[in-house]
Amino acid sequence: MLLDVVYSINGVPIRITDERWEHIVDARPYMAPYYDRVLDTIERPTYVLRGDAGALKAVVTLARKTYLCAVYREISSNDGFMITAYTSDKIDKGKIIWPKRKSY
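Owing to the predicted nature of the structure, the values given are computational and were not obtained by experimental measurement. (Residues numbered from 1 in each chain as written. Predicted model: local features only at pLDDT ≥ 70, side-chain atom pairs only at ≥ 80, totals over all residues. Heavy atoms only, no water.)

Caption draft 1: Spotlight on the layout of surface pockets. As a volume, the largest pocket reaches approximately 170 Å³. Along the walls of the largest pocket sit 17 residues, with Arg50, Gly51, Asp52, Lys57 and Tyr86 positioned nearest its centre. Among the elements of the structure, strand 3 (47–50), strand 5 (66–76) and strand 6 (79–88) are those that each provide at least two residues to the lining of the largest pocket. Looking at the lining of the largest pocket residue by residue, the classes come out as eight nonpolar, two polar and seven charged. (1 Å grid on protein atoms, 1.4 Å probe; cavity = no way out; pocket = protein on both sides within 12 Å on 5 of 7 lines; lining within 4 Å. Points joined across faces, edges and corners; volume = space filled by probe spheres on them. Helix = DSSP H or I, 4+ residues; strand = E, 2+ residues; numbered from the N terminus. Nonpolar A, V, L, I, M, F, W, Y, C, P; charged D, E, K, R; others polar.)

Here's what the structure looks like:
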């Protein structure tokens, strides 16, 4: 069942299903209170990183050296879905694709 649809920075609708959210919370119970924050992370990330196998990783800072990561895939310009979400103490800044870094 579809829980929500949010829009990525590319304007692509990203589907969040009850199955996916349950999977996330079953694997990482600490994520349960972060549902709304995960949705906000996809829509208003601080960074977007290149993920594995074509996925994208939206990231916001929760606290000093604590990041919330929401991983999703854009299938087309009209469809996408959330894969997982978790917190991390580091991100690979070499994989940042948005915002684009200035070259000097």
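Caption draft 2: Focus on the sheet that holds strand 1 (residues 2–7). Strands sit in the order 1-2-6-5-4-3-7 across an open sheet of seven strands; the sheet is mixed. Because the sheet does not close on itself, it has two edges, and the strands there are strand 1 and strand 7 (96–98). Recorded for the sheet is a direction-independent mean angle of 35° between the axes of neighbouring strands. Along the sheet face, helix 2 (residues 35–43) touches strand 1, strand 2 (13–17), strand 4 (56–63), strand 5 and strand 6 and points at about 35° away from the line of strand 1. (Pairing = 2+ DSSP bridges. Axes fitted to C-alpha atoms, helices over the stretch in contact; angles between N-to-C directions. Contact = heavy atoms within 4.5 Å.)

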